[in-house]
Amino acid sequence: MLLLAALVSTAAWSCGFAQQIPLQSRLSITKSKGSVRLECRFNDISGDFDGTSIHWYQQKANKGPERILYLAGTKKVDEGFQEHRYRVEKFSSQKLCILTINDVIPDDTGTYYCAYCVGFNKIFGSGTKLIVSNKALSQPSNFEILQKKHKNQMTYVCLIEQFYPEVIRVTWTEGENQKVTENIVKGEAWRRTEEDKYSISSWLTVPEENKDKKYFCNYEHESGKRSLTKQDSSQKEECTPYPGNGTVFNRDHLYHRTAYLVYIVLLLKSSMYYLIVLFFIYRAWAPTKQRGKKA
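What this report covers is the structure whose coordinates are included nearby. Note that the structure is a prediction, hence the values are computed from the model and not measured. (Residues numbered from 1 in each chain as written. Predicted model: local features only at pLDDT ≥ 70, side-chain atom pairs only at ≥ 80, totals over all residues. Heavy atoms only, no water.)

### Regarding the pattern of salt bridges
Alright, step 1. Counted under the stated rule, the structure contains 11 salt bridges.
Alright, step 2. Several salt bridges share partner residues, and in doing so they unite Lys135, Arg191 and Asp196 into one network. (Salt bridge = Lys/Arg side-chain N within 4 Å of Asp/Glu carboxyl O.)

Here it is in structure tokens:
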């Protein structure tokens, strides 16, 4: 999926100017059976929409994208896909294309991208992940912002825990509308081995003089959308609910989590050192054993 994202970015800037990327507003769809509708909007695309060829691709985990079909007046389904399972419709007045997959099965799980052609270039949408599963949606059970001052900077850590599926979009804004794109690090979604729910974190670093500005962490998930603003936790000794949004925790909470991660890292390093020592002992012992056999 990361490879295709890079291709999307490259294609969107082809020919020396930015192309409009098709909008696939739904990040993911989780369903156990029946039919699924995948929407792709072309609101900002100028030109003759009726004459525009629309392509749909499927990308499974750890594989490259494969084209399912394209619509250029009539539907053309590529080899390897069953034609009767796919229906594609184009609504010119809304600049909308909908791909319907009938009777979904687990093998349909993957990310689906719409695309259109501009000259010899293909412009891809952002993608919608289809998850064919009996598991129920789970909204994040914990949504909090941790903060830490270091020298002349403030770091805010947005922590979102216990959600399913793993597909989620996390963004930062200054105020409610001004998007922040610099000095942000986003981690990958991870899950504990004994659970089927995921967690993710995102870091925002700003100069200390901006500490009084109101920064929001926002997430978008199949289960819904929420926003949370940072709060000056240095004035609080206990975790305090933030009205209407979530919870902001004090710095001790961050230290405990960091200590736990450090412990895990040290444990792994100790295990590696133990294996290395065993390896060298074996190397030293093996020649002695061989000499004994020759004698």
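Now that the structure is up, let's keep going.
### Quick look at the pairing of strand β7 (residues 96–101)
Alright, step 1. With respect to burial, β7 is a largely interior element, six of its six residues being buried.
Alright, step 2. Burial along β7 is two-sided: Leu96, Ile98 and Thr100 facing one way and Cys97, Leu99 and Ile101 facing the other are all buried.
Alright, step 3. Sheet topology places strand β2 (residues 36–41) next to β7; six bridges connect them, and they run antiparallel. Note that in β7 the partner of Arg41 across the bridge is Leu96.
Alright, step 4. Across six bridges, strand β6 (residues 86–91) lies against β7 in antiparallel orientation. The partner of Arg87 across the bridge, within β7, is Thr100.
Alright, step 5. The loop that links β6 with its antiparallel partner β7 comprises four residues; one of these, Lys95, has a positive phi angle of about 50°. (Buried < 20%, exposed > 50% of the residue type's maximum accessible area, 1.4 Å probe, protein only. Helix = DSSP H or I, 4+ residues; strand = E, 2+ residues; numbered from the N terminus. Pairing = 2+ DSSP bridges.)

### Concerning the nonpolar core
Alright, step 1. Membership of the largest hydrophobic core comes to 25 residues, with the highest contact counts inside it found for Leu38, Phe42, Trp56, Leu99, Ile101 and Leu130.
Alright, step 2. When residues of this core are traced back to their parent elements, those giving at least two are β2, β3 (54–59), β4 (66–72), β6, β7, β8 (110–118) and β10 (128–132).
Alright, step 3. Residue contacts for Phe42: discarding those within four places in its chain leaves Pro22, Phe49, Ile54, Lys95, Cys97, Cys114 and Tyr116.
Alright, step 4. Core analysis: the second largest hydrophobic core is formed by 21 residues, Ile145, Met154, Cys158 and Val170 among them. (Core = buried A, V, L, I, M, F, W, Y, C linked by side-chain atoms within 4.5 Å. Contact = heavy atoms within 4.5 Å.)

### Description of the environment of Glu176
Alright, step 1. Take Glu176: it is sitting in the loop between β13 (168–174) and β14 (178–180).
Alright, step 2. Sequence separation between Glu176 and Asn218 is 42 residues; the distance between their C-alpha atoms is 9.5 Å.

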